[in-house]
Amino acid sequence: MKIEDLIKIAIEAQNNAYVPYSHFKVGVAVLSKNGKIYSGCNIENHGIMSICAERVAFSKALSEGEKDFKAMVVVGAEELTTPCGYCRQFISEFVEKDFKIYIVYGEKFNKIKEYTIEELLPCSFKLKH
Ligand code: ZN
């Protein structure tokens, strides 16, 4: 699976975003270690019930039994659009340190930055098991 393929799927998902309030569309493609891809877009709702593209994609994967994640691509705006705090915490509970987060941005999505969850959420909240 090439990163370009994930970007294409994330952009397709972005087109499905339901954003009547912010008009800010985000698309995500999550790649599992066995090569399956789960896409997501943000879905807004009046009040506090909106859900981000990242949590939509992960929820789809998790609800289908996926447990091992390799990477994700996020496409948002021309400016760098990193996951929000809710999503960083959410994602941190399901990925390992080698999980790659690619943020695609720029004019025509021609720029890319790579992060780990540790970089985006250092000292994340974890319950001891
Ligand atoms: Zn979020």
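Presented here is an overview of the structure given in this document. Since this is a predicted model, take the numbers as computed values, not measurements.

Conventions adopted
- Residues numbered from 1 in each chain as written.
- Predicted model: local features only at pLDDT ≥ 70, side-chain atom pairs only at ≥ 80, totals over all residues.
- Heavy atoms only, no water.
- Helix = DSSP H or I, 4+ residues; strand = E, 2+ residues; numbered from the N terminus.
- Rg over C-alpha atoms; globule rule 2.2 N^0.38 Å.
- Buried < 20%, exposed > 50% of the residue type's maximum accessible area, 1.4 Å probe, protein only.
- Areas by Shrake-Rupley, 256 points an atom, 1.4 Å probe, with all protein chains shown as cover.
- Lys, Arg positive; Asp, Glu negative; His and termini not counted.
- Charge placed at Lys NZ, Arg CZ, Asp CG, Glu CD.
- Donors = N, O, S within 2.8 Å, 3.2 Å for Na, K, Ca; no water.
- Phe/Tyr/Trp six-rings, centres within 6.5 Å; stacked < 30°, edge-to-face > 60°.
- Expected span 1.5 Å × (residues − 1).
- Arc of directions from axis to C-beta.
- Core = buried A, V, L, I, M, F, W, Y, C linked by side-chain atoms within 4.5 Å.
- Contact = heavy atoms within 4.5 Å.

1. A few points about the overall build of the protein chain
Moving on, step 1. Secondary structure summary: the protein chain contains four helices and five strands in total.
Moving on, step 2. Taking 129 residues into account, the globule formula puts the C-alpha radius of gyration at 14 Å, and the protein chain, at 14 Å, falls close to it.
Moving on, step 3. Across its three principal directions, the C-alpha atoms of the protein chain cover 40 × 35 × 30 Å.
Moving on, step 4. In the protein chain, which comprises 129 residues, the share counted as buried stands at 43%.
Moving on, step 5. Split by element, the accessible area of the protein chain, about 7800 Å² in all, is 54% carbon and sulfur.
Moving on, step 6. Distance between charge centres in the protein chain, computed from 17 positive and 17 negative side chains, equals 2 Å.

2. So, the coordination of the zinc ion
Moving on, step 1. In this structure, Cys52 (SG), Cys84 (SG) and Cys87 (SG) serve as the protein donors to the zinc ion, at separations of 2.2 to 2.3 Å.
Moving on, step 2. Along the chain, the residues donating to the zinc ion are arranged with the sequence spacing C-x31-C-x2-C.
Moving on, step 3. We classify Cys84 as partly exposed; its relative accessible area is 28%.

3. Some details on the packing of aromatic side chains
Moving on, step 1. Summed over the entire model, instances satisfying the criterion amount to three aromatic pairs.
Moving on, step 2. Note on Phe58 and Phe69: the rings are 4.8 Å apart at their centroids and 55° apart in plane angle, and the pair reads as tilted. Taken together, the positions of Phe58 in helix α2 (residues 53–63) and Phe69 in strand β3 (residues 69–75) put the pair eleven residues apart, joining distant regions of the chain. Each member of the pair, Phe58 together with Phe69, is buried.

4. Here we look at helix α1 (residues 3–14)
Moving on, step 1. The terminal C-alpha atoms of α1 lie 16 Å apart, and with twelve residues this matches the ideal 16 Å at 1.5 Å per residue to within 8%.
Moving on, step 2. Those residues of α1 lying buried are Leu6, Ile7, Ala10, Ala13 and Gln14. Each buried residue of α1 lies within a common arc of 120° when the element is viewed along its axis, so the set occupies one face. Exposed side of α1, more than 90 degrees from the buried face: Glu4 and Lys8 are the residues found there.

5. Thoughts on the nonpolar core
Moving on, step 1. Counting residues in hydrophobic clusters, the biggest one holds 20 residues, and the most contacted among them are Val28, Phe58, Met72, Ile91, Phe99 and Ile101.
Moving on, step 2. If you list the elements that add at least two residues to this core, you get β1 (27–32), α2, β3, α3 (85–92), β4 (100–105) and α4 (117–120).
Moving on, step 3. With four residues, the single largest contributor to this core is α2.
Moving on, step 4. With residues up to four places along the chain from it excluded, the contact list for Phe99 reads Phe58, Phe69, Lys70, Ala71, Met72, Ile91, Tyr115, Thr116 and Ile117.
Moving on, step 5. Among the nonpolar cores identified, the runner-up in size contains ten residues, and Ala29, Leu31, Ala71 and Val73 belong to it.

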